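Structure assessment
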Protein chains: 2
Amino acid sequence: MDIDAYRFLDVAFAEAERGLSEGGIPIGAALFDADGTLLGQGRNRRVQDDDPTLHAETAAFRAAGRRRDYRSTIMVTTLSPCWYCSGLVRQFGIGSVIVGEAVTFCGGHDWLADNGVSVTVLDDPRCVALMTRFIDESPDLWDEDIGVAPSSDRLP
Amino acid sequence: MDIDAYRFLDVAFAEAERGLSEGGIPIGAALFDADGTLLGQGRNRRVQDDDPTLHAETAAFRAAGRRRDYRSTIMVTTLSPCWYCSGLVRQFGIGSVIVGEAVTFCGGHDWLADNGVSVTVLDDPRCVALMTRFIDESPDLWDEDIGVAPSSDRLP
């Protein structure tokens, strides 16, 4: 898994970088089959499409099209999946999740592991650096993307 | 809340019926503000748009556009929200959820209640009848929509 995990992460990270270059939130994701076949990839498109439902994971899931069985699939994402995206993984029975980093934001990946999903957290320095810089430069946009209302305490 | 809950549910139910008339999965939802203003409405569009990410709740949430604070909003849905849609509610801090019925499918509404969301389950006979008939007539499509693989045991 170790070598593939980073190969998979590279696809998600390229999506995150593309999102940043578009003025968007730099989170990327991809869905692979067990044999390493890329099924779909995507990035957060809140800004680009003015669409609050397109987190990186949901964009990758959408790009993979309608499928009948996700048990052997692997979702790789540059950032720990929020509850929305963790719920996606659990509901559709995605078997494995590879998380680029959970330092700048910690979503539901432990909950997924508790519910039978194979979870690998890489704590990749590129991913940490990308999100650290983004959150520092665009705190309000980041709060919007994870549902932190203006008068609330900042997460995590 | 009682009168408004059924007024809100009527909007979601009309979406579900529209979905059925389009050949889709008959689940509808709507997002309201605390004063009863309709912010967005939608229906499951898996079949219509060939898009597995558009559950009724995510479609309604998308239709409501980008927002900074969901704490006073109310999501009404004809069916108990699956983990994916429950995760949406939790992540974005939607304050209240009104569930048309949780008889034919039970998702994460108890989990939401445990995490501070105000949850009302109406067990509306129209909603139960609509989904009972749909599941009976289209079991494979229903399983696809909730991530039950062909060889798995049927839910619930």
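Structure first, text after, so check above.
Figured I'd write up the structure that's included with this text. Everything numeric in this text was worked out from a predicted model, so none of it was measured. (Residues numbered from 1 in each chain as written. Chains lettered and ligands numbered in written order. Predicted model: local features only at pLDDT ≥ 70, side-chain atom pairs only at ≥ 80, totals over all residues. Heavy atoms only, no water.)

Moving on to the packing of helix 3 (residues 56-63) of chain B against helix 4 (residues 83-92) of chain B. All names here are of chain B. Relative orientation of the contacting elements helix 3 and helix 4 amounts to 35°, with a least axis distance of 8 Å. Here helix 3 contributes Glu 57, Thr 58 and Phe 61 to the contact with helix 4, which in turn contributes Tyr 84, Cys 85, Leu 88 and Phe 92. When its residues are assigned to classes, the contact of helix 3 with helix 4 shows five nonpolar, one polar and one charged. (Axes fitted to C-alpha atoms, helices over the stretch in contact; angles between N-to-C directions. Helix = DSSP H or I, 4+ residues; strand = E, 2+ residues; numbered from the N terminus. Contact = heavy atoms within 4.5 Å. Nonpolar A, V, L, I, M, F, W, Y, C, P; charged D, E, K, R; others polar.)

So, on to the interface of chain B and chain A. Counting residues at the interface gives 39 residues for chain B and 39 residues for chain A. Both sides of the chain B and chain A interface together cover about 3400 Å² of buried area, and 56% of this is carbon and sulfur. Among the residues chain B hides against chain A, the three largest losses belong to Arg66(B), Arg68(B) and Gln91(B). Together they make up 25% of the total. The interface formed by chain B and chain A contains six salt bridges. One salt bridge connects Arg66(A) with Asp50(B), and the closest N-O pair in it is separated by 3.3 Å. Elements with a contribution of two residues or more to the side of chain B that touches chain A: helix 2 (46-49), helix 3, helix 4 and helix 7 (139-145) of chain B. If you tally residues by element for the side of chain B that touches chain A, the top one is helix 4 of chain B, at seven residues. Looking at the side of chain B that touches chain A, its residues break down into 16 nonpolar, nine polar and 14 charged. (Buried area = accessible area lost by both parts, 1.4 Å probe. Salt bridge = Lys/Arg side-chain N within 4 Å of Asp/Glu carboxyl O.)

This part takes up unusual backbone geometry. One non-glycine residue, Asp123(A), lies in the positive phi region at around 45°. Owing to a relative accessible area of 41%, Asp123(A) belongs among the partly exposed residues under this scheme. (Buried < 20%, exposed > 50% of the residue type's maximum accessible area, 1.4 Å probe, protein only.)

Attention shifts here to the side chain of Thr53(A). By the secondary structure assignment, Thr53(A) is in the loop between helix 2 (46-49) and helix 3 (56-63). A polar atom in the side chain of Thr53(A) sits 2.7 Å from the side chain of Asp51(A). Apart from residues no more than four positions distant in its own chain, Thr53(A) is found in contact with Thr58(A), Tyr84(A), Thr58(B), Phe61(B) and Arg62(B). (Polar contact = N/O pair within 3.5 Å; in protein donor to acceptor, adjacent residues only side chain to side chain.)

Right, let's talk about helix 6 (residues 125-137) of chain A for a bit. Residue and element names in this part refer to chain A. Spanning 13 residues, helix 6 covers 18 Å between terminal C-alpha atoms, matching the ideal 18 Å at 1.5 Å per step. Listed in full, the buried residues belonging to helix 6 are Cys 127, Val 128, Leu 130, Met 131, Phe 134 and Ile 135. End-on view of helix 6: buried residues confined to an arc of 165°, all on one side of the axis. Opposite the buried face of helix 6, by more than 90 degrees, sit the exposed residues Pro 125, Arg 133, Asp 136 and Glu 137. (Expected span 1.5 Å × (residues − 1). Arc of directions from axis to C-beta.)

This paragraph deals with the side chain of Glu15(A). All names here are of chain A. Mapped onto the elements, Glu 15 comes out in helix 1 (residues 2-21). Classification of Glu 15 by relative accessible area gives buried; the value is 6%. For Glu 15, the residues in contact, after removing those within four places along its chain, are Gly 28, Ala 29, Gln 41, Gly 42 and Arg 43.

Read these as geometric descriptors, not functional statements.
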